[in-house]
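# Summary of the model geometry
Residues per chain, in single letters:
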Amino acid sequence: MGHLIDGREEAYRALAERLSRFPIGAVVNETFMEILKRLYTATEASLGSKLPLKPLSFEKCGHLTGMGECELKAILEGMAAKGLVVDIPRKDSAYYILSPMVVGFFEYTFMRAGELANKDLAALFEQYFKDEGVAEEVFGASTKLFKALAHEKYIPALVHTEVLSYEKASEIIRQSGGGSLAMCACRHKATHLGKACAAPVEDICTSLGRPAQWLVRRGFAREASVDDLLRNLERSYRLGLVLLADNVIDEPAYICHCCGCCCGVLRAITEKKIMSVHPSNFIPVVDPSLCLSCGACLESCRINAISQNEPAEPAVIDAATCIGCAVCANSCPSGALSMTQRSALHTPPQNKMAQYISVALERNRLE
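Attention shifts here to the packing of helix 2 (residues 30-39) against helix 7 (residues 119-130). Orientation of helix 2 relative to helix 7, taken along the N-to-C sense of each, is 150°, at an axis distance of 9 Å. Of the possible angle classes, the one that applies to helix 2 and helix 7 is roughly antiparallel. For the pair helix 2 and helix 7, the sense of crossing is left-handed. For the pair formed by helix 2 and helix 7, the contact residues are Thr31, Phe32, Glu34, Ile35, Arg38 and Leu39 on the first element and Asp120, Leu121, Leu124, Phe125, Gln127 and Tyr128 on the second. Here the residues of the contact of helix 2 with helix 7 sort into 7 nonpolar, 2 polar and 3 charged.

Have a look at this one:
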């Protein structure tokens with residue numbers, strides 16, 4: 001019996017090591033191992049540990065694992081249904097790629113209700129993201145996984161014509177032709193822990209293009225038109241949520257609508273002091289003559305980047321922390337806060353991990 005237990009442990013350990021090799025990897029520790037055991041069967045773990053970090057055809061999966069066609073198809077289908085692999089139909093076959101942890105099986109687990117999205121697993125992920133070295137691995141790279149999108153209403157009118165489409169959420173949505181809406185994974189996780197805020201949980205997380213089609217096909221999200229997505233965008237503006245997109249220029253796959261209390265990305269800034277987001281090209285400035293010192297901007301800022309030296313003095317912006325989302329400007333009752341261009345416009349470095357799966361889905365760059 002001992003050899004069976006040893007074999008199971010070896011399969012999960014091999015899977016963990018494989019997942020740690022993604023561009024945005026995973027810190028292998030006891031919490032992570034427990035998460036894998038909740039999500040993967042031992043057979044799925046063994047198969048996942050053998051998959052390369054690129055799309056692989058079904059036929060090559062068979063050659064790599066030595067499994068029969070029926071057995072392999074059943075296992076891969078079960079893994080795709082849980083979001084542990086992404087399946088990419090092509091001609092008469094399909095390609096498969098192992099899902100990373102982020103953006104990957106964490107989000108897919110909590111993007112919908114189901115037996116896997118439970119309190120125990122929520123607690124494990126909550127603990128894992130607090131564990132030593134995890135936030136640094138996921139969010140601490142010089143090239144960030146996410147970028148902030150400024151509320152377009154507050155982009156200075158004089159530079160509107162200079163603003164590129166990848167800086168405007170509405171243009172990203174329109175150019176995508178539509179997508180999907182799903183649960184916010186972070187707030188869904190927080191709900192299981194009794195810590196969720198009042199921000200929407202359902203029909204909020206935006207996915208675009210073929211990645212959205214995969215989420216719809218697999219039941220993680222519902223199909224949404226451009227108009228649906230634009231209405232969702234306007235709701236988030238009204239609610240003061242921060243918009244974060246995957247840090248690419250061409251065809252972003254995701255736009256997250258984030259609060260500061262549940263979002264793991266923003267919590268990395270406030271709790272771990274890790275700059276987890278590539279800021280927008282805009283930053284707020286305060287007009288002292290208009291500032292009421294009311295504190296509305298301090299309360300609205302999701303990452304605590306605004307302060308007051310004294311209660312009656314104007315607000316002060318921490319430029320080193322501010323991500324340029326313009327939520328503060330949206331909350332200011334007197335118009336004392338406006339957005340201006342940062343010292344120099346700069347294109348965010350593209351994050352390879354952000355396009356790891358979406359490139360394969362969009363362009364079929366398969367080997």
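Now for the confidence of the model for the chain. Interpreting fine coordinate detail is not advised for predicted regions of low pLDDT. Here the chain averages 90 in pLDDT, and 90% of its residues register 70 or above. In this model, residues 352-357 is a region of pLDDT below 50 whose contacts with residues beyond four sequence positions or in other chains number 22 contacts. Across residues 359-367 the pLDDT falls below 50, and counting only partners more than four positions away or on other chains, this stretch makes 29 contacts in the model.

Another aspect to go through is the environment of serine 293. As for its position among the elements, serine 293 is in the loop between strand 11 (282-286) and helix 14 (296-300). Considered as a pair, serine 293 and alanine 315 are 22 residues apart in the sequence and their alpha carbons are 6.6 Å apart.

To continue, consider the sheet that holds strand 10 (residues 277-278). A sheet is described by the order of its strands in space; here 7 strands give the open sequence 7-5-6-9-8-4-10, paired in mixed fashion. Two strands bound the open sheet, and with one partner strand each, they are strand 7 (222-224) and strand 10. Bridge count between strand 8 (residues 242-246) and strand 9 (residues 254-258): 4 bridges; the pairing is antiparallel. Following the sheet pairing, valine 242 is matched in strand 9 by cysteine 258.

Conventions and cut-offs
Residues numbered from 1 in each chain as written. Predicted model: local features only at pLDDT ≥ 70, side-chain atom pairs only at ≥ 80, totals over all residues. Heavy atoms only, no water. Axes fitted to C-alpha atoms, helices over the stretch in contact; angles between N-to-C directions. Helix = DSSP H or I, 4+ residues; strand = E, 2+ residues; numbered from the N terminus. Parallel < 35°, antiparallel > 145°, perpendicular 65-115°, else oblique. Left-handed = near helix turned anticlockwise from the far one by under 90°. Contact = heavy atoms within 4.5 Å. Nonpolar A, V, L, I, M, F, W, Y, C, P; charged D, E, K, R; others polar. pLDDT = per-residue confidence, 0-100. Pairing = 2+ DSSP bridges.

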